[in-house]
Amino acid sequence: MTTRRQMIANSAKLAAMLTTLGLIPEASRAEVAGYNTAAFDAKTMPDLMKALGSATPVESKDVTITGPDIAENGAVVPIGASTALAGVKRMLLLVEKNPSMLSAMFDVTDAVDSSFSTRVKMGQSSNVYAVALMADSKVLYAVKEIKVTLGGCGG
Amino acid sequence: MRPLCTLILVALASSASLAQQKTAADAIAEYRAMLADDNPAELSIAKGEDLWKKKRGPKNVSLEQCNLGKGPGVVKGAFVELPRWFGDTARVQDLESRLLTCMETLQGFDSKAIANTPFGQGEQLSIEGLVAWISSESKGMHFNVPQQHAQEKLNYELGKRAFYYRAGPYDFSCASCHGQPGKRIRLQDLPELTKNPGDGVGFAAWPAYRVSSGELWGMQRRLNDCYRQQRFPYPGYASDVTIALSVYMGVNAKGAESVAPALKR
Amino acid sequence: MADPMRIRAQVAGDKATVRVLMAHEMETGFRKDATGKIIPPWFIQEVSAQLNGKTVMTAQWGPSVAKNPFLQFSVKGAKAGDKVTIAWTDNKGDKRSDEATVS
């Protein structure tokens, strides 16, 4: 599988062929103009920051990640990213152990608070990050571990 | 229950910095509370209200004259009094069964075809929306499933027999999981359904949006899946035994507050 | 066209809290159907919000956002009677736009 992925990175034609054979997900074929496919394909923090053209993130008490300690079902996990700091350009929500780290990316304008909540799918227990990309190029984050259980056959 | 013990130990260890140590059950209650507002079931509720009022089917008529037990078109409070006896069909019917009756007699749909449609497809999706909306119109009200008519009483007794009936390769009955208090499977509490398990629990928690499949489940689907888990053959959709079971559970839950449509794992 | 969203926008001080539920499968493209074939990815990629016609927020989403997605954010300077519009576009080019009044 690793070998295939390296080939894909080098050859769009091969990727198209493998796509039609149903062998790789077609997630990289974006329809929306300006969609940052590279960011949503990134599997590690360094890859993600590179795709976003951003610096290495630094942990900060001024950024908050909210979410449950235990998610009964990884299909729907409520998480939120917020900061009271001024000068925020973007807020990101990341799930470290997902096939791709980046779940959602919010552009902040003067008209909204730097505070966004959504619900994400988590494949397994994992660290979840709230990242703030600042106008002065700083990148700040907060992290929280969320455990994902299976639950039983009831309910 | 090794994995559970490990989980609780880890959960306790990771929250050691908090003044109050959280159990796994508390943490899961918190998770459920976070999802309680903005339940995706609301999307089904909106669809259901639309479907009730829309002219549909071969007869191009809406469901607004459907009698759910409190008179034609009366939806508020109907859910917490179902299943009940209906004179026009001369039988005890639950919500899904009654919707099949109305969709056929008022709108001209083929109710047998709908009963044979798999869950989550075709007109079963319409029923999903309808049960979500109809149950939401009784939200906060208390279950009062009637036991006046002889057939209603008979269904209660049938339901009780069915509840305790052991069969299938594992010799399970409903009571195997739901016949005693304080039981659970992994982290899922199993409500005791031989009595009133409380507001918004057990019978009073369905229909519900099931997070694990992202779908709205009515009681018929819930019972169908119980049968699957017991390794029984599937019951007929809206069959007598499923209605009888609902009468048994519904009467046992008398007074419980309905929270439907709820949110479930 | 996709089913309508449910949008709630409530005034809280000099802001409005907006809560949205969208109807969408959000298929990741990693799941397989019963025959073993990959179910193609189908998910909302772009979300935008407007207050009285002016864009106040845009977002890009990946397929790991949960099915029937939820979104909550806070708009500054919103008053009762203002119009909030939410629009989304998915990876197949399908769109949906719904409007609610701030209460």
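Before any of the text, the structure's been laid out above.
Now for a quick tour of the structure. (Residues numbered from 1 in each chain as written. Chains lettered and ligands numbered in written order. Predicted model: local features only at pLDDT ≥ 70, side-chain atom pairs only at ≥ 80, totals over all residues. Heavy atoms only, no water.)

**Quick word on the environment of B:Ala238**
Residues and elements named next belong to chain B.
Next up, step 1: Among the structural elements, alanine 238 can be located in the loop between helix 9 (219-229) and helix 10 (240-252).
Next up, step 2: Residue alanine 238 is classed as buried on the basis of its relative accessible area of 8%.
Next up, step 3: Separated by 22 residues in sequence, alanine 238 and leucine 216 have C-alpha atoms that sit 17 Å apart. (Helix = DSSP H or I, 4+ residues; strand = E, 2+ residues; numbered from the N terminus. Buried < 20%, exposed > 50% of the residue type's maximum accessible area, 1.4 Å probe, protein only.)

**Some points on the side chain of B:Asn155**
All names here are of chain B.
Next up, step 1: When you line up the elements, asparagine 155 lands in helix 7 (residues 150-164).
Next up, step 2: Judged by its relative accessible area of 9%, asparagine 155 is buried.
Next up, step 3: Contact partners of asparagine 155, with chain neighbours within four places excluded, come to Val92, Asp240, Ile243, Ala244 and Val247. (Contact = heavy atoms within 4.5 Å.)

**Structural notes on the packing of helix 7 of chain B against helix 10 of chain B**
The description of two helices packed together rests on the angle between their axes and the distance between the axes.
Residues and elements named next belong to chain B.
Next up, step 1: Packing of helix 7 against helix 10 brings their axes to within 7 Å, and their N-to-C directions diverge by 100°. Here helix 7 is positioned roughly perpendicular relative to helix 10, judged by the angle of their axes. Seen from helix 7, the contacting residues are Glu152, Asn155, Tyr156, Leu158, Gly159, Lys160, Ala162, Phe163 and Tyr164; seen from helix 10, they are Asp240, Val241, Ile243, Ala244, Leu245, Val247, Tyr248, Val251 and Asn252.
Next up, step 2: Counted by class, the contact of helix 7 with helix 10 contains 12 nonpolar, three polar and three charged residues. (Axes fitted to C-alpha atoms, helices over the stretch in contact; angles between N-to-C directions. Parallel < 35°, antiparallel > 145°, perpendicular 65-115°, else oblique. Nonpolar A, V, L, I, M, F, W, Y, C, P; charged D, E, K, R; others polar.)

**A look at the nonpolar core**
If you look at soluble globular proteins, the nonpolar side chains tend to sit buried side by side.
Next up, step 1: C:Trp61 and C:Ile86 are the most contacted members of the largest nonpolar core, which has 137 residues in total.
Next up, step 2: Take this core: its biggest share by element is seven residues, from strand 8 (residues 126-134) of chain A.
Next up, step 3: The next biggest cluster of nonpolar side chains, apart from the first, holds five residues, and it includes A:Ile70, B:Ala24, B:Ala27 and B:Ile28. (Core = buried A, V, L, I, M, F, W, Y, C linked by side-chain atoms within 4.5 Å.)

**Quick notes on the interface of chain B and chain C**
Next up, step 1: Counting residues at the interface gives 11 residues for chain B, matched by 11 residues for chain C.
Next up, step 2: Taken together, the two surfaces of chain B and chain C that pack against each other cover about 800 Å², and 51% of this comes from carbon and sulfur.
Next up, step 3: Taken as a group, B:Asp38, B:Glu42 and B:Leu43 account for 65% of the area that chain B buries against chain C, more than any other trio of residues on that side.
Next up, step 4: Taken together, the connections running from chain B to chain C amount to five salt bridges.
Next up, step 5: B:Asp38 serves as the salt-bridge partner of C:Arg19, at 3.0 Å between the closest nitrogen and oxygen.
Next up, step 6: Summed over the shared surface of chain B and chain C, the result is eight residue pairs in polar contact (both at pLDDT 80 or more). (Buried area = accessible area lost by both parts, 1.4 Å probe. Salt bridge = Lys/Arg side-chain N within 4 Å of Asp/Glu carboxyl O. Polar contact = N/O pair within 3.5 Å; in protein donor to acceptor, adjacent residues only side chain to side chain.)

**Some remarks on the sheet that holds strand 5 (residues 208-210) of chain B**
All names here are of chain B.
Next up, step 1: With respect to topology, three strands assemble into an open sheet ordered 6-5-7, the strand pairing being mixed. Since the sheet does not close on itself, it has two edges, and those belong to strand 6 (215-217) and strand 7 (262-264), each with one partner. Geometrically, the sheet is characterised by an average inter-axis angle of 35° between neighbouring strands, direction not taken into account.
Next up, step 2: Here strand 5 pairs with strand 6 via three bridges, running antiparallel. When the sheet's bridge partners are listed, tyrosine 209 is paired in strand 6 with leucine 216. (Pairing = 2+ DSSP bridges.)

**Focus: the pattern of salt bridges**
Residues and elements named next belong to chain C.
Next up, step 1: Inspection of every chain in the model, using the stated rule, returns 26 salt bridges over all chains.
Next up, step 2: Between lysine 67 and glutamate 25 there is a salt bridge, with its nearest N and O atoms 3.5 Å apart. Of this pair, lysine 67 sits in the loop between strand 4 (54-61) and strand 5 (70-76) while glutamate 25 is found in the loop between strand 2 (15-21) and strand 3 (44-51), placing the two residues 42 residues apart along the sequence.
Next up, step 3: The shortest N-O distance in the salt bridge between arginine 31 and glutamate 27 comes to 2.7 Å.
Next up, step 4: We classify arginine 31 as partly exposed; its relative accessible area is 46%.

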